[in-house]
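# Descriptive analysis of the structure
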Amino acid sequence: MPLLDALARFNDAHPWSHNAHFHRWIMRQLPRRFDRALDVGCGAGDLARLLATRAREVHGIDRDERIIREARESTDPGLPVAFSVADALSYDGEGYDVITCVAVLHHLPLTDALVRLGQRLAPGGTLVIVALTREDTRVQTLLGLVSVPLNLLTGWIKNRGRKAPRPVAMTAPTRPADVPYTEFVREARRILPGVRPRRRLFWRQTLVWKKVRADVDPGRLGTTHG
């Protein structure tokens, strides 16, 4: 359709990262200081570097070797950040005070990923997820429609009306989300007791979970499935 083609051309000329848009919000969900943090699907490392302003050590993982090289090259050696090629399922670190995960879960089996993230979080820790899901509610559809003009306006403002190249953070491989929002929330509530889900603009949803000592260990919930 001509209109959709025109919108796509405009967005390509004035790109901006929807994921990076949530970084400051993520930081507001976290303590002022914490010991260890893990950023799952770290991409070019922008959020990992933000976490390093509050943490003693930060681990950033991504399964894209090229983007991990970019992250390492773009990071000041003095920052307490280490980048590794891995994903939420293959990584074996644990005991993190903070775990962040932005636009990653739709690349992985949902249940397995939520269980692993819950297991890697230390008691008292905070898990913050920004996710993509398939629209299956009227609220999501409405937010998606509202996001279209806001997306155009934000891209124009951020790029000061000029054409710009795509940020490095937007060059990683992507795939469409196939898990419906209602299923996503239902599974998150089953695995992460007390999790706080919210629908957001710009085709994103968020989860915030505090792992209190009385929480059920996600690893005891039985056989996982995608």
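Residues numbered from 1 in each chain as written. Predicted model: local features only at pLDDT ≥ 70, side-chain atom pairs only at ≥ 80, totals over all residues. Heavy atoms only, no water.

### Some details on empty space enclosed by the protein
The final tally for this structure, using the stated rule, is one cavity of 30 Å³ or more. Estimates place the volume of the largest cavity at around 60 Å³. Around the largest cavity sit Leu105, His106, Leu110, Ala131, Leu132, Thr133, Ala177, Asp178, Val179 and Phe184, which together line it. The residue inventory of the lining of the largest cavity, partitioned by class, reads seven nonpolar, two polar and one charged. (1 Å grid on protein atoms, 1.4 Å probe; cavity = no way out; pocket = protein on both sides within 12 Å on 5 of 7 lines; lining within 4 Å. Points joined across faces, edges and corners; volume = space filled by probe spheres on them. Nonpolar A, V, L, I, M, F, W, Y, C, P; charged D, E, K, R; others polar.)

### A look at the nonpolar core
In this structure, Val40, Ile99, Leu105, Leu114, Leu117, Leu127 and Ile129 are the most contacted members of the largest nonpolar core, which totals 30 residues. Elements with a contribution of two residues or more to this core: β1 (34–40), β4 (96–102), α5 (110–120), β5 (121–131), α7 (181–191) and β7 (204–210). Excluding its chain neighbours within four sequence positions, the residues that come into contact with Leu114 are Leu105, Ile129, Glu187, Ala188, Ile191 and Leu192. Among the nonpolar cores identified, the runner-up in size contains 25 residues, and Phe22, Ile26, Met27 and Ala48 belong to it. (Core = buried A, V, L, I, M, F, W, Y, C linked by side-chain atoms within 4.5 Å. Buried < 20%, exposed > 50% of the residue type's maximum accessible area, 1.4 Å probe, protein only. Helix = DSSP H or I, 4+ residues; strand = E, 2+ residues; numbered from the N terminus. Contact = heavy atoms within 4.5 Å.)

### Comments concerning helix α6 (residues 138–158)
Between its first and last C-alpha, α6 extends 29 Å over 21 residues, near the 30 Å set by a 1.5 Å rise per residue. The largest bend along α6 measures about 30° and falls at Val148, with the proline Pro149 one to four residues further on. Within the sequence span of α6, burial applies to Gln140, Gly144, Ser147, Asn151, Thr154 and Gly155. Directly after α6, the chain includes Arg160, whose backbone phi takes a positive value near 55°. (Expected span 1.5 Å × (residues − 1). Bend = angle between axes of the 7 residues up to and from the residue.)

### Overview of the sheet that holds strand β2 (residues 55–62)
Taken in spatial order, the seven strands line up as β3-β2-β1-β4-β5-β7-β6 in an open sheet, and their pairing is mixed. Strands with a single pairing partner mark the edges of an open sheet, and in this sheet they are β3 (81–85) and β6 (196–200). Within this sheet the neighbouring strands show an average axis-to-axis angle of 15°, counted without direction. Sheet topology places β6 next to β7; five bridges connect them, and they run antiparallel. Among the inter-strand pairings, Arg198 is bridged to a residue of β7, identified as Thr206. Contacts from helix α4 (residues 65–73) reach β2 and β3 within the one sheet, and its direction differs from that of β3 by about 165°. Strand contacts of α5: β1, β4, β5 and β7, with the helix running at about 145° to β5, the strand carrying the most contacts. (Pairing = 2+ DSSP bridges. Axes fitted to C-alpha atoms, helices over the stretch in contact; angles between N-to-C directions.)

### A short note on unusual backbone geometry
Although it is not a glycine, Ala103 adopts a positive phi angle of roughly 55°. Position of Ala103 among the secondary structure elements: in the loop between β4 and α5. Although it is not a glycine, Trp203 sits at a positive phi angle of roughly 60°. Locating Trp203 in the fold gives a position in the loop between β6 and β7. For Trp203, a relative accessible area of 31% puts it in the partly exposed group.

### Concerning the pattern of salt bridges
On inspection of all chains with the given rule, the structure shows seven salt bridges. Of the charged contacts, one joins Arg49 and Asp46 as a salt bridge, the two residues approaching to 2.7 Å between their closest N and O atoms. Taken together, the residues Arg49 and Asp46, both in helix α3 (residues 46–51) and three residues apart, mark about one turn of the helix. Of the residues examined, Asp46 reaches a relative accessible area of 35% and is grouped as partly exposed. Between Arg56 and Glu57 there is a salt bridge; the shortest N-O distance is 3.1 Å. (Salt bridge = Lys/Arg side-chain N within 4 Å of Asp/Glu carboxyl O.)

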